[in-house]
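# Structural features, examined
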Amino acid sequence: MCLWGAGDETSALAGALTGENPDTEESRSAREESVTLQGTVYRIEEKAKVTAVCVKDNAVSVSGHKFNESKIMVYIRPDQPEIKIGNRIKISGEASVFETARNPGNFDQRAYYARQGLYVLVWAEAVEVISAETDRLQHFLYEMRSGWRKILTEHLGEYYGGTMSAVLLGDKSGLDAEMKKLYQKNGIGHLLAISGLHMSFIGMGVYSLLRRSGLGFISAGAAGSVILLLYTMMIGAGVSSLRALIMFLVKVGADMTGRDYDLATSLALAAAVLCWRQPLYITDAGFLLSFGAILGLVLLTPIFRELFGTESSKLPAAGRWLAGGLASSLSVNILLLGPVLYFYYEIPPYSVFLNLLVIPVMPVAMGAGIIGSALALISAAAGGAVLKLSGAVLWVYDQLCSAAGMLPGSRLVTGKPWADWLIVYYVMLGCLCGLFYCLYRKREAEGAEGSHGDRYTVMLRLPGCGLVMCAVLMTVICRMEYDRADGIQAAVLDVGQGDAIHIRGREGNYLIDGGSSDVSSAGIYRIEPYFLANAVDTLDYVFATHGDEDHINGIQELLEGQELGVRIRRLVMPPEEFHDEKLEGLALTAQENGTKVLVMRPGDEIAEDTAPERKGSGKDALVLTCLGPEEGKGLKPGNEASLVLGLSYGEFHMLLAGDVEGRGEQMLCENDSLGQYDVLKAAHHGSRNSGTEELLQVTRPSVALISAGVDNRYGHPHPETLERLAGVGCRTYSTQENGMLTVWTDGEMMKVEGFLTTGL
């Protein structure tokens with residue numbers, strides 16, 4: 001039986017794979033190594049194309065060295081032997097450490113699995129079951145979960161069945177990506193995760209039912225605790241479900257012993273127990289959101305109930321209910337504002353009201369899901385009819401989210417807040433809470449009545465107003481920190497084997513290419529999160545230099561997801577002569593999603609407006625100039641006909657060369673507009689076929705930035721290219737070693753930084 005994540009032990013095997021301490025912040029990507037291991041299966045998760053098997057008590061052999069590894073995750077293909085929980089298995093395969101985030105805003109897989117005590121991933125090539133002994137209880141729960149999921153999808157379909165599987169079973173493998181995003185963007189994504197709402201419904205529901213049936217406190221409490229414990233084991237024991245389990249056990253224990261239950265005390269106990277077992281939980285979004293929501297209810301709800309006068313006899317019953325619900329919703333949202341901005345970079349203002357509608361009916365969906373699933377074992381027709389009620393509730397949720405998303409200001413993209421502002425925010429919240437409770441106790445002690453009581457009532461409403469103002473100011477300041485940045489910035493994102501360059505100007509945002517050939521859904525998982533983390537909700541111009549997938553498939557994803565993602569105003573392409581089928585398809589997608597399509601020819605410019613008093617000075621005037629390809633020269637669509645751009649800002653100049661090579665590069669060298677550049681974004685990922693001696697002698701860059709995937713199959717960047725760059729005195733930096741590369745300039749000086757490294 002395994003309810004807990006591992007503690008904070010480190011991994012000798014991960015250190016061997018990376019050649020460094022696995023806990024270091026400055027992590028390089030690990031090389032893959034052939035390994036053999038023997039371990040015991042303790043968890044199985046079905047994913048889209050593989051089965052993820054977690055193995056404990058491992059004996060590992062790699063490169064002639066032997067290690068004992070506490071826990072390892074193994075990906076097993078469907079054609080491999082069937083595995084059961086409790087089996088002792090032998091595996092041969094390729095091992096590597098989990099990936100760390102390589103751009104701001106990206107998911108840090110390494111940190112996520114470290115909180116579960118997992119540091120190493122093995123792709124299994126051969127699997128052998130050396131002991132068929134099973135953990136009967138754990139495997140029964142696993143099969144029960146799989147069977148339950150099958151019932152839900154059979155009766156509700158893949159769309160709503162996948163959603164109910166997430167709601168009831170914590171299984172998100174079948175969750176529709178668009179639905180998940182729709183819920184998250186509207187602030188009700190918590191409904192898709194097993195949380196205190198779900199656990200309380202099940203645990204307290206069973207407990208209350210048994211008490212009403214006549215069972216005593218001890219019998220009902222014991223039965224309810226066992227059921228909730230088994231349910232927690234079945235769904236995987238996430239941090240929020242463990243928090244709810246501990247608090248439930250404290251609640252039942254208080255009832256069984258005749259003591260008063262204190263919510264704040266049980267919350268503190270749950271936090272202490274979980275952090276004692278795994279200190280890394282303190283950095284987990286789920287931990288902070290789960291505990292923060294309850295803390296908000298404890299600390300802030302009395303403040304807002306006083307502000308809204310929920311106890312006033314002047315309010316009708318419906319008004320008191322609405323005011324009480326609004327007080328609770330505001331309490332949770334204001335206390336969780338910091339983690340929400342820090343992990344998700346945006347807030348949905350209408351979620352305060354939307355949750356008033358969706359949370360009260362969530363028990364209906366859950367109850368129908370549980371009862372309908374049980375009935376389906378007896379009668380498919382009866383069970384299906386009850387399950388339809390769950391589907392109806394989810395349909396209503398979809399409509400509410402769609403309607404809320406159409407309202408003005410439905411999403412405020414703020415970017416990731418600075419840590420110092422978070423500290424200031426929570427210090428202010430603490431001071432306002434302290435003020436309220438001091439005034440409240442003083443009023444209670446004095447038993448104030450009449451005009452004196454009215455004065456206290458007015459004063460007690462001030463902290464609530466202050467809390468709202470603090471939240472508004474925090475949101476505004478967070479966004480302003482990004483909008484008022486000095487100078488301009490060019491960021492070469494790490495998208496693996498591909499290109500994506502973001503230019504942040506003084507007045508606009510520009511993306512040159514966006515795609516990858518070795519990172520799945522790079523637009524969704526690498527490019528869009530980067531923009532949101534940097535408070536970019538709109539791209540003024542997106543340039544597709546040519547039609548190769550590693551330059552445009554991410555743009556395609558951004559265009560298709562604009563409604564809930566980053567808006568793209570204009571798509572810029574090379575002249576029509578150089579359009580291939582892929583570029584034409586991209587242009588069609590842009591038009592279908594409300595993005596204007598433009599073409600750019602040599603000599604065309606896109607320039608930011610400059611204040612009248614600064615015109616002619618070169619300061620604050622960002623200009624993007626098209627340098628190629630030239631029409632009518634017989635260039636073929638593709639690399640040699642890549643769109644080439646020159647960026648200038650004051651005395652700073654940068655050449656963005658796309659994948660230009662061959663005749664396209666030769667013609668570029670003959671262009672009279674080509675001059676010297678401070679920075680070169682190397683063409684074609686540093687291929688030997690680009691960056692010729694002739695081009696480098698003309699441009700004389702002092703810094704070259706190369707976007708290439710780690711251990712890519714092309715061997716980019718090629719040694720010949722690196723030698724040519726070094727030959728002209730150019731310092732070269734690659735996303736392979738540094739993650740995202742950033743160049744900042746004020747028009748006179750420039751600074752180069754790597755996301756994974758410092759001091760470039």
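Everything below is about the structure shown above.
Fair warning: this is a prediction, and the values are worked out from it, not measured in the lab. (Residues numbered from 1 in each chain as written. Predicted model: local features only at pLDDT ≥ 70, side-chain atom pairs only at ≥ 80, totals over all residues. Heavy atoms only, no water.)

## Notes on the overall build of the chain
Tallying secondary structure elements over the chain gives 23 helices and 24 strands in all. Considered along the principal axes of its C-alpha atoms, the chain spans approximately 90 × 80 × 50 Å. When contacts within the chain are restricted to residue pairs at least 6 apart in sequence, long-range pairs at least 24 apart make up 71% of them. Within the structure as shown, the chain displays about 33,600 Å² of accessible surface, and the carbon and sulfur contribution to it stands at 56%. If the 64 positive side-chain charges of the chain are averaged to one point and the 88 negative ones to another, these points end up 8 Å apart. (Helix = DSSP H or I, 4+ residues; strand = E, 2+ residues; numbered from the N terminus. Contact = heavy atoms within 4.5 Å. Areas by Shrake-Rupley, 256 points an atom, 1.4 Å probe, with all protein chains shown as cover. Lys, Arg positive; Asp, Glu negative; His and termini not counted. Charge placed at Lys NZ, Arg CZ, Asp CG, Glu CD.)

## With respect to unusual backbone geometry
Cis geometry marks the peptide bond from Gly628 to Pro629; its omega dihedral reads 10 degrees. Here Pro629 shows up in the loop between β17 (622-628) and β18 (644-649). At the junction of His716 and Pro717, the peptide bond is cis and its omega measures out at -5 degrees in the coordinates. Counting through the fold element by element, Pro717 comes out in the loop between β21 (703-706) and α22 (719-727).

## Side note on the nonpolar core
Side chains that are nonpolar tend, in soluble globular proteins, to be buried together. Leu168, Tyr183, Met199, Tyr231 and Tyr397 are the most contacted members of the largest nonpolar core, which totals 44 residues. Breaking this core down by element, the ones donating at least two residues are α3 (136-169), α4 (177-185), α5 (196-212), α6 (217-235), α7 (239-257), α13 (351-376) and α14 (380-405). For Tyr183, the contacting residues outside a window of four places in its chain are Ile188, Gly189, Leu192, Leu394, Tyr397, Asp398 and Cys401. (Core = buried A, V, L, I, M, F, W, Y, C linked by side-chain atoms within 4.5 Å. Buried < 20%, exposed > 50% of the residue type's maximum accessible area, 1.4 Å probe, protein only.)

## Observations concerning the sheet that holds strand β12 (residues 541-543)
What the 8 strands build is an open sheet, ordered β15-β14-β12-β10-β9-β8-β23-β24; its pairing is mixed. The sheet is open, and its two edges are formed by β15 (596-599) and β24 (750-754), each paired on a single side. When strand polarity is set aside, the average angle formed by the axes of neighbouring strands in this sheet is 20 degrees. Set on the sheet, helix α17 (residues 522-533) makes contact with β8 (488-492), β9 (498-504) and β10 (509-516); between it and β10 the angle comes to about 155 degrees. Sitting on the sheet, helix α18 (residues 549-560) touches β9, β10, β12 and β14 (570-573), and the angle it makes with β10 is about 115 degrees. (Pairing = 2+ DSSP bridges. Axes fitted to C-alpha atoms, helices over the stretch in contact; angles between N-to-C directions.)

## Examining empty space enclosed by the protein
Scanning the entire structure with this criterion turns up 2 cavities of 30 Å³ or more. Mapped by element, the contributors of at least two residues to the lining of the largest cavity are β17 and α20 (662-669). In terms of residue count, α20 provides more of the lining of the largest cavity than any other element does, 3 residues in total. Across the lining of the largest cavity, the residue classes break down as 7 nonpolar, 4 polar and 2 charged. (1 Å grid on protein atoms, 1.4 Å probe; cavity = no way out; pocket = protein on both sides within 12 Å on 5 of 7 lines; lining within 4 Å. Points joined across faces, edges and corners; volume = space filled by probe spheres on them. Nonpolar A, V, L, I, M, F, W, Y, C, P; charged D, E, K, R; others polar.)

## A look at the packing of aromatic side chains
For the structure on display, the rule yields 17 aromatic pairs. Judged by centre distance (6.4 Å) and plane angle (70 degrees), the ring pair of Tyr183 and Tyr397 falls under edge-to-face. Of this pair, Tyr183 sits in helix α4 while Tyr397 is found in helix α14, placing the two residues 214 residues apart along the sequence. Take Tyr183 and Tyr397: they sit in the same class, and that class is buried. Aromatic side chains Phe304 and Phe308 sit 6.3 Å apart centroid to centroid with 25 degrees between the ring planes, which places their arrangement in the stacked category. In this pair, Phe304 and Phe308 both sit in helix α10 (residues 301-308), 4 residues apart, roughly one turn of the helix. A relative accessible area of 27% places Phe308 in the partly exposed class. The ring of Tyr342 carries Lys416 above its face, with NZ or CZ at 4.3 Å from the centroid. Across the ring face of Trp744, the terminal group of Lys751 is positioned such that the distance to the ring centre comes to 6.0 Å. (Phe/Tyr/Trp six-rings, centres within 6.5 Å; stacked < 30°, edge-to-face > 60°. Lys NZ or Arg CZ within 6 Å of the ring centre and 35° of its normal.)

## Overview of the pattern of salt bridges
Counted by the stated rule, this structure contains 20 salt bridges. A salt bridge links Glu45 to Arg43, with the nearest nitrogen and oxygen atoms 3.2 Å apart. You can call Glu45 partly exposed: its relative accessible area is 28%. Among the ionic pairs, Lys681 bridges to Asp499, the shortest N-O distance being 2.7 Å. Of this pair, Lys681 sits in strand β20 (residues 679-681) while Asp499 sits in strand β9, and the two are 182 residues apart along the sequence. (Salt bridge = Lys/Arg side-chain N within 4 Å of Asp/Glu carboxyl O.)

## A closer look at the environment of Val413
Summarising the element assignment, Val413 is placed in strand β7 (residues 412-413). The class for Val413 is buried, based on a relative accessible area of 4%. Spatially, the C-alpha atoms of Val413 and Glu346 are 4.2 Å apart, while their sequence positions differ by 67 residues. Those residues in contact with Val413, other than ones at most four positions away along the chain, are Tyr345, Glu346, Arg479, Leu532, Ala535, Val536 and Asp537.

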